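Each chain, written out:
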Amino acid sequence: SQQGEEDPQALSIQEGENATMNCSYKTSINNLQWYRQNSGRGLVHLILIRSNEREKHSGRLRVTLDTSKKSSSLLITASRAADTASYFCATGGGTSYGKLTFGQGTILTVHP
Amino acid sequence: EPEVTQTPSHQVTQMGQEVILRCVPISNHLYFYWYRQILGQKVEFLVSFYNNEISEKSEIFDDQFSVERPDGSNFTLKIRSTKLEDSAMYFCASSEIAGALETQYFGPGTRLLVL
């Protein structure tokens, strides 16, 4: 797999349920960022977690990072129909100065 | 809240034509980037720019591409002779300090269609 691979590729849940998306990467990183993209639109930054952090919260979002397993997860609690979007992880750092490497993304559909 | 803006939102051009995509990064940001996303594919890094020069570029960013900060606010991506495969959504991003360590804020994108 390539740097920044998410799974599942698609996730369909009911409003109120929690959604968990995972991201794996291969090389060393300085940080990992999660972005959301509504269909055909721009990328909205959700949260950044640094390589020396293990968990971070922002509102209904919880991100974990396990550098030993080179993986991260994004948990959205109490999902809403408005959370329907594609979610991407992007890794930065290592030998790169500013380049972010994006995964393929998880398409989340929240049914009202 | 400050945001990155991009113009135009959509552009249609003929193969072989030059296009210039424009971006206004967040005003106090010092690092600027271009990414692209071909329909249905990953977002791909093109180039990063700091202190009026390219910091890093990908293999995609060949001699047909160039970037410029013509004044204190704009950041442009020029494609000299467009190809069909240049059709994609192009995103500009900016960050306040060293990009690999800090959040990159993305603009809404320019959808480029090359016919």
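Residues numbered from 1 in each chain as written. Chains lettered and ligands numbered in written order. Predicted model: local features only at pLDDT ≥ 70, side-chain atom pairs only at ≥ 80, totals over all residues. Heavy atoms only, no water.

Engineer: Could you give an account of the packing of aromatic side chains, with specific residues and numbers?
Structural biologist: All chains considered together, the criterion is met by 14 aromatic pairs over all chains. Centroid distance Phe32 of chain B to Phe75 of chain B: 5.4 Å. Interplanar angle 40°. Geometry classified as tilted. Of this pair, Phe32 of chain B sits in strand 4 (residues 31-37) while Phe75 of chain B sits in strand 8 (residues 75-79); the two residues are 43 residues apart in sequence, bridging distant segments of the chain. Judged by relative accessible area, which is 0%, Phe75 of chain B ranks as buried. For the ring pair Phe91 of chain B and Phe106 of chain B, a centre distance of 6.3 Å and an interplane angle of 75° mean the geometry is edge-to-face. Of the two residues, Phe91 of chain B sits in strand 9 (residues 88-95) while Phe106 of chain B sits in strand 10 (residues 105-106), which places them 15 residues apart along the sequence. By way of ring pairs, the aromatic residues Tyr35, Phe88 and Phe102 of chain A together with Tyr33, Tyr35, Phe45, Phe91 and Phe106 of chain B are connected into one cluster. (Phe/Tyr/Trp six-rings, centres within 6.5 Å; stacked < 30°, edge-to-face > 60°. Helix = DSSP H or I, 4+ residues; strand = E, 2+ residues; numbered from the N terminus. Buried < 20%, exposed > 50% of the residue type's maximum accessible area, 1.4 Å probe, protein only.)

Engineer: Report on the pairing of strand 4 of chain B, specifying residues and quantitative values.
Structural biologist: Residues and elements named next belong to chain B. The buried fraction of strand 4 is high, at seven of seven residues. Burial along strand 4 is two-sided: the residues Tyr31, Tyr33, Tyr35 and Gln37 and Phe32, Trp34 and Arg36 are all buried. Relative to strand 5 (residues 43-50), strand 4 runs antiparallel, the two sharing seven bridges. Following the sheet pairing, Gln37 is matched in strand 5 by Val43. The turn linking strand 4 back onto strand 5 is made up of five residues, and Gly40 within it adopts a positive phi angle of 80°. Looking at chain direction, strand 4 and strand 9 are connected through seven bridges and run antiparallel. Looking at strand 9, one finds that Tyr33 is bridged to Ala93. (Pairing = 2+ DSSP bridges.)

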